[in-house]
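# Summary of the model geometry
Spelled out from the first residue to the last, the chains are:
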Amino acid sequence: MKPVLFIFLAAAPALAVDFDKDIRPLLQQRCVECHGEKKQKGELRLDAKIFAFKGGHDGKAIVAGDAGKSLLFKRITSGDDDERMPPKGGPLSSAQITLVQEWIAAGAVWPENAADKAAAVDKRLQHWSVQPVRAVKGASIDSLIRAKLAEKNLAMSPPADRRTLIRRLSFDLTGLPPSPERVEQFVKDADPKAYEKLVDELLRSPDYGQRWARHWLDIAHYADTHGFERDQLRPNAWRYRDYVIAALNDDKPYDQFIREQIAGDVIAPQDPQAVIATGFLAAGPWDYVGHVETKSDMLKRAARAGDLDDMVTQVITSTMGITINCARCHDHKLDPVKQEEYYRLWAVFAGVKRGDREVDEAEAKRNSGEKIRLTQELAATRAHIAKLAGDGLDLAGMVGAGVKGRGIDLRTGNLTTAKLGYHRDIQTNRLQRIEWPAEVKDTDRFVLSVFVPDGRNPVPVFAKQEVTGLPATSGHTWDVIRNGPLNAQRSTKIGGVDYAEKDHSILGLHANSGITFDLTKIRESRGLDVMHFTAALGFGADAGAAASRADFTVYVDAERKFQKLKMRKDEFTHLDIAIPASAKTLSLIATDGGDGIGSDLLFLGDARLVPAVEHSRLTAAEQERLKGLRAQAVKLEAALKALPDPAKVYAVTSDAAPPAIQVQRRGNPEDLQQEVQPGAFAWPRHASMDFGSNATPEGQRRRMLAEWITHADNPLTRRVLVNRLWHHHFGQGLVTTPSDFGLGGDRPSHPELLDWLADEFLRSGWSLKHMHKLTVMSATYQQQSTAQNDAALRLDAQNRLLWRQNPRRLDAESVHDAVLSIAGTLNSKMGGPGFRDFNFTEAYAPVYEYITPDKPDLLRRSIYRFVVRTTPHQFMSTLDCPDPANLTPARAQTTTALQALTLSNNEFMLQQAGSLVTRIENETDSREAAIRRAFLLCLQREPKTEELHAAVHLVAEQNLFALCRMLLNTNEFVYID
C-alpha cells in the first residue's frame, strides 16, 4: 500500500458546492468512462441521478449527509492502489476530494437536468418484441413479402417445379423422402388442388409428429440419461417424447401444449398424458452426484441451484425467447429484467424435483392395493407352512452366532456388532474364513466363508468350488453381513411385513458381499435331509433411491438356482428354493447392479432352511396339507409376479411445502440476500406477474406461470412460436435469433408479417398445423431456391427479404432416416422405449460403446434413438446433431471433411448402401432399370443422359454398390432445394 497525503482545511468555513459547476463535470470527466451508460463496472452508474443514488453491487455509492458511509468517497480517498478510484489518470486532487466530501455532507443535492430525466425513462421498455401484437388487416404472407421486396425494386423468384416441391415438402413436414411412385403421381396430377391435397396428406401422416417433435426436443434439451459424471439411464423418459409426438399429430392447441408441460399434473391430475407432459421440466441434465451422492451440503446447494436455473431457463427461453438466466448473478445487462424477478421464477419451481413418478396414480393405487393383498395372503400362507413344517433354521442367527445385531466383517472374518461404513480396498474373489469366538461351539459354526465378488472372473465360494454368471461389480462394499438391519438401513419392511418385529429375523447383505453356508454340517447337526431355502427378498433403502439397482443370486453348490438382476429398491420377491440332500453349500451373493453400491441395502426377511414335506415328521394328513399350502404359495407368488409395474415417467415430483427462495448475491448459493415471493418479470406487462405468496401450493404456482405464459395478450409467446416455425421452413427465422427476442437479439426482417402470423395463430385456436399449411401454401415458400438474380444478390445476399427459397442441408436425423427409407430397411414402429444402438457397461461412470445397427429394432426413426448426454453418437454429431446438454433453438451447420468421410465410409452408410442394392435388384430386371431405380429412390428423379452413361460405365466397371454408395454421398441427396 502506498501512502497518500490528503490535506483538509477542517477549520475553514464550508463553501457552498455547486453540483452543476463542481461535481457533475468531475463525474463526467473522471467516472463516467467506467460507470456510464455503456459500461457499468460493479453495476454502478454515475452519469444520471436515478442510478447514482441506487448504487452498485457493493452498496450505496452516495449516502446523503454522510461522506464516511458513501462508497464513492471511500474509494476516491483509498490509499490502496487496487481500490482507489479512478484507476486511470492518477488520483483526484485534494481540492476535488474536498468538493465531493462537502457536497455529500451538505446533502448531496443533485438538480435534475434533461439528461437525468431522459435516463429515468427506460427505453428498453419500448422494445419491439414486448409491444402488443398488431393485426394487419387484409394482408397475407405473400402480400407482405412482396411489399418489402418492392421497396428494393425486387420480385419473387419463379415457383419451383413439382419434383422439387414434393421433395421439399416431404422432408419439411415428415423428415422423409417421397417414394418415386408418389412423386410421379404428384407430377402427373392435373388437379389444380393437387399441391394442397399433398400438404393435407403429409400433415395427416404420423410421420409429421415424429419429424416436428425433434425440433421441440432440441429446445427442451431432451435426452435419456442424466448427464454429468454419473451419466445414468432414465429408462422412463421416453414417455415424454411420445407425448410430444402424439400432441403434434393430434394438433393439440399450442397454449394447451405449453400449459400441460408446465403444470399438467395440476391442471388434469387424472389424465395420464397431462402428467407425462411435465417430463418437459425434467428433460434437461441432472447432477446425480451433487443431489444424491455427495455428503457436502454446500455441493448439494450448488447442484440444486443449477437444477432450478435449468428449469427456469428452459421454460422462459423456449416459450418466450428471453435469456432469463442472464439475470442469475445481477440485473440483466441488456433486457429490463431484474435479478429479483429471476429468483421469483425460482420460487415458482422451489417445490419441484426431478424423478420417476406414476403416470396414473389411481391405477398405481389399485395395483399397490392388490400387491398388498396378495403379499399378506402369501405371508399368512407361509406362516401356516412354517407352523406345520417347523420354523426351520434361521440363517440370520447363524451369521450372528445367536446374537442379534452381530455380523461378519468381510475384511477379517471377525464377528462384530460395530456399525461399519464404506470399504473400497478389499481384495475381491478371496475366501475369508470366519474367526469364530470361543463361546461358539464347533457344531454351531455353520458359515464357511464370506467374500467380495468382482463378477468378471469365476468367484470361489468354497474350497475348489467356483461359481460363474455374476454381473461385474465395483468391488466396493458397505458394513458387514449382519444378523439384523445394516448400517444406514431405513426400512425393515417387505411387502407390508416388518421383519424387525418379534418372531421374525433380518439377514442384511449390502452389495457387494457374499456368504457361503455349510449344508453338510447343518444336516449333521440338525438331522435334516432334503430342504427348502425360503425368504422374503427386499431393500431397506430410502424411497428416493428407487431408481438405483442391485442384484441378488443364490447358488446351491456351483449351480445357480435364482438370480434377480437390476432389482429396483421398490421391488421385492419371495424365495422358495429346493435343496437336494446331496448339496454341500448354499451361497447368497448381493451385487451392485452396475451403478455403484449407493443405497444397496439388501436384506432377507425370515431366511430359513426348512425340511421338505416328504422328509418331515408329519402325519400323512399334515403332509398333504403342507403340500397344498406350498402349492397355494406358488400360485400367490406367480400372481404377484404377474402384476404389472405401474407405468412411470421421468418427470417432476412435488414437495408439499416448498422452501422459501432468496436472491443469491452474484449467483452464489452461499451468499443469500432478500427473500422473494413466486412470480415472473414485469417487462411484457400483459398480466399480473404475481403468483401468490410463499404459502401458495407448489402446483398452483406452476399453473399461474403457465397461464401467464399462454395469456392471449402475451406479446412474446405467439411471436416466438411462429418465428420458430418459419425458421424450420425457410432455414432462418424472420428473427434470426429464435430464442432471443431481447435487446441482444435480432430485429425482425418483416415485423408486420411476424405480427400477422402471430395474430393468425391466435385466430386459428393456436393450431400448429394451420400455421404450417398457411406457410407452405404461400408462393413465398414455393419459390425456386436456385434462381439467379444478381441485383438481389448484391442487395440481399443473406436473403432476408426472401426473394427466393433457401436451399437447406438435411439435419443428422433426416439423413439417418432417409437412408433407411431409401434402403427399404426403415422400421416404422412408433412409440415405446428408445432403441439402444450401443453396448452398455455398468460402472461408476457408465460406458456406452456404439455399435452398427444390424437388427430391425435398431433401424427405427432417429426420434426413437436412446440419447446419451456424455457420449455423443459419432455419426450423428459429425452431421451437427447438437449436444443435448444445451438448449438448441437453431442448429449449427458446418461443412467439414469428416462429414464427407462419414457419409462415404461409415459402417452404417456402407451397410445401408448394401441393403439398397438388394432392394433395387429385387425390384428391377436389368442394369439400366437398376440405375434408373437408384436415381429415383435417392434423388426422386430420373438420371440425365450424361449421368446415365456415366452410371452404366461405373456399374459395369465396379458394381451397383459403388453407384448406390455414390448417390448417398451427393450434395443433391443431402440438400433440399
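All of these numbers come straight from a predicted model, not from anything done at the bench. (Residues numbered from 1 in each chain as written. Predicted model: local features only at pLDDT ≥ 70, side-chain atom pairs only at ≥ 80, totals over all residues. Heavy atoms only, no water.)

Under the defined criterion, the tally for this structure stands at six cavities of 30 Å³ or more. Taken as a whole, the largest cavity holds about 180 Å³ of empty space. In terms of lining, the largest cavity is formed by 15 residues, of which the most central are Trp-212, His-215, Trp-216, Leu-721 and Leu-725. Mapped by element, the contributors of at least two residues to the lining of the largest cavity are α10 (206–219), α12 (254–267), α22 (715–730) and α24 (768–776). With five residues, the single largest contributor to the lining of the largest cavity is α10. Class assignment for the residues of the lining of the largest cavity results in 11 nonpolar, three polar and one charged. Of the volumes computed, that of the second largest cavity is approximately 70 Å³. For the second largest cavity, the full set of lining residues is Ile-23, Leu-26, Leu-27, Arg-30, Cys-31, Leu-72, Ile-76, Leu-92, Val-100 and Trp-103. (1 Å grid on protein atoms, 1.4 Å probe; cavity = no way out; pocket = protein on both sides within 12 Å on 5 of 7 lines; lining within 4 Å. Points joined across faces, edges and corners; volume = space filled by probe spheres on them. Helix = DSSP H or I, 4+ residues; strand = E, 2+ residues; numbered from the N terminus. Nonpolar A, V, L, I, M, F, W, Y, C, P; charged D, E, K, R; others polar.)

For the pair helix α11 (residues 238–249) and α12, the least separation of the axes is 11 Å and the interaxial angle reads 165°. With respect to their mutual orientation, α11 and α12 come out roughly antiparallel. Read as a crossing pair, α11 and α12 show a hand that is right-handed. Seen from α11, the contacting residues are Tyr-240, Tyr-243, Val-244 and Ala-247; seen from α12, they are Phe-257, Glu-260 and Gln-261. Classifying every residue of the contact of α11 with α12 by side-chain character gives five nonpolar, one polar and one charged. (Axes fitted to C-alpha atoms, helices over the stretch in contact; angles between N-to-C directions. Parallel < 35°, antiparallel > 145°, perpendicular 65-115°, else oblique. Left-handed = near helix turned anticlockwise from the far one by under 90°. Contact = heavy atoms within 4.5 Å.)

Summarising burial for strand β7 (residues 447–451): five of the five residues are buried, a large majority. Where strand β6 (residues 432–433) meets β7, two bridges bridge the pair, whose relative direction is antiparallel. Bridge pairing links Gln-432 to Val-450 in β7. Sheet analysis places β7 next to strand β15 (residues 513–518), joined by four bridges and oriented antiparallel. Across the sheet, Val-447 pairs through a bridge with Phe-517, a residue of β15. (Buried < 20%, exposed > 50% of the residue type's maximum accessible area, 1.4 Å probe, protein only. Pairing = 2+ DSSP bridges.)

In this structure, Pro-86 follows Met-85 across a cis peptide bond, with omega equal to -5°. Mapped onto the fold, Pro-86 is located in the loop between α3 (71–76) and α4 (94–105). Residue Asn-512 follows Ala-511 across a cis peptide bond; omega there is -5°. The phi dihedral of Asp-479 is positive, around 60°, even though this residue is not glycine. Position of Asp-479 relative to the elements: it lies in the loop between β10 (477–478) and β11 (481–483). According to the relative accessible area criterion, Asp-479 is buried, its value standing at 0%. Located in the positive-phi region is Ser-599, a residue other than glycine, with phi close to 65°. Checked against the element boundaries, Ser-599 lands in the loop between β20 (585–591) and β21 (602–611).

Another point: the packing of α10 against α22. α22 packs onto α10 with a crossing angle of 120° between their chain directions and a minimal axis gap of 12 Å. Judged on the interaxial angle alone, α22 and α10 are oblique. Every pair of crossing elements has a handedness; the one defined by α10 and α22 is right-handed. Together, Trp-212, His-215 and Ile-219 of α10 and Arg-724, Leu-725, His-728 and His-729 of α22 make up the contact between the two elements. Looking at the contact of α10 with α22 residue by residue, the classes come out as three nonpolar, three polar and one charged.

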